[in-house]
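# Analysis of the macromolecular model
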Amino acid sequence: MELRHLRYFIAVAEEGHITRAAERLGMQQPPLSQQIRALERELDVQLLRRKPRGVELTDAGRALLADAQAILAHVDHAFATTRRTARGEEGRISVGFTSSAPFHPFVPRVIRAFRDSYPLVALTLEESGTNELIDNLRHERVDAVFIRTPVADPEGLVITSLLEEAMLVALPDGHPLAHGDGALTLAALAGETFVVYRRPNGAGFYDAILSACHAAGFSPRVGQEAPRIVATLNLVAAGLGISVVPASLQRMHLDGVVYRRLKGTAQPTAPLRLATRRGDSSAAVRRFVELVGQTAKSFEVGGEEVGP
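The structure displayed is predicted, hence computed values, not measured ones.

### Considerations on the overall build of the protein
- On a plain count of helices and strands, the protein comes out with 9 helices and 13 strands.
- For the protein, the C-alpha radius of gyration of 32 Å lies well beyond 19 Å, the compact-globule estimate for 308 residues.
- The dimensions of the protein, computed from C-alpha atoms along their principal axes, are 105 × 35 × 35 Å.
- Scored against the burial criterion, the 308 residues of the protein give a buried share of 45%.
- A fraction of 72% describes how many contacts in the protein between residues 6 or more apart in sequence connect residues 24 or more apart.
- Of the roughly 15700 Å² of accessible surface on the protein, a fraction of 49% belongs to carbon and sulfur atoms.

Okay, here's the thing in structure tokens:
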């Protein structure tokens, strides 16, 4: 028995007439009658009772009809799901991000846009440090990650630079430089104690800040290291020093912290990158990467900036 035999039988049963069923199926009446008789011979039962003006179901035919309709509905659903999955319109995707990434408006915007565009794709989110995210990406525990710092060993990965964000200086509310007009130079911070994000693999914000300070003529005095970049703000609020953070972190309205813009040459910047596995076969991941790229271009074209 083939699926087409069930479709033929259902059409005849629902129409109650061989000729009308043949028209509905786009075929001639004699071949359809032959197929129905072949189905009855295969099952060794009478499914239809011929009448002067049409056909009616026997008890056996009514029993088959319900199951045949359920079988074809399940098959049609399976086929539709398969096609949607192949197009990236259905499936699963896990997206990771570092603790500071969601504060940039780009990340929640692209997540929201993907959910709106592909509502049948199950999207899960995971926050972790860069090293953990990259390890999870390599071991297929996540499918794409938003990161800030460079990847020491990018083999097997695709690292896409999305945006460059300005950085601000975060100061305790009672600091002499906390309240003033205009932007600060890095040189004005030469005598300060810095609170920094603990550098993963010796790279990232830590080195960017050090390089910018050296270009400004001084080597910063590091007093505290925080395990997460957002945690540096808690240490600043406690008066343990100042910090240089991505501009989007000022969205955290933390009591006791004031943000000031920086000016001058060789200012540190905070990049936003997307890391994925090279050659990933998931259509849903490809759709996500395409949407991320399109959204990044709209940010650049629209001239949207994050900062004071």
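Further notes follow.
### Observations concerning the pattern of salt bridges
- Within the structure shown, the criterion is met by 15 salt bridges.
- One salt bridge connects Arg 7 with Asp 76, and the closest N-O pair in it is separated by 3.0 Å. Of this pair, Arg 7 sits in helix H1 (residues 3–15) while Asp 76 sits in helix H4 (residues 59–86), and the two are 69 residues apart along the sequence.
- Note on Asp 76: relative accessible area 37%, which makes it partly exposed.
- With its nearest N and O atoms 3.0 Å apart, the salt bridge here joins Glu 56 to Arg 49.
- With a relative accessible area of 31%, Glu 56 lands in the partly exposed category.
- Several salt bridges converge on common partners, so that one network encompasses Glu 14, Glu 15, Arg 20 and Arg 24.

Conventions we followed
- Residues numbered from 1 in each chain as written.
- Predicted model: local features only at pLDDT ≥ 70, side-chain atom pairs only at ≥ 80, totals over all residues.
- Heavy atoms only, no water.
- Helix = DSSP H or I, 4+ residues; strand = E, 2+ residues; numbered from the N terminus.
- Rg over C-alpha atoms; globule rule 2.2 N^0.38 Å.
- Buried < 20%, exposed > 50% of the residue type's maximum accessible area, 1.4 Å probe, protein only.
- Contact = heavy atoms within 4.5 Å.
- Areas by Shrake-Rupley, 256 points an atom, 1.4 Å probe, with all protein chains shown as cover.
- Salt bridge = Lys/Arg side-chain N within 4 Å of Asp/Glu carboxyl O.

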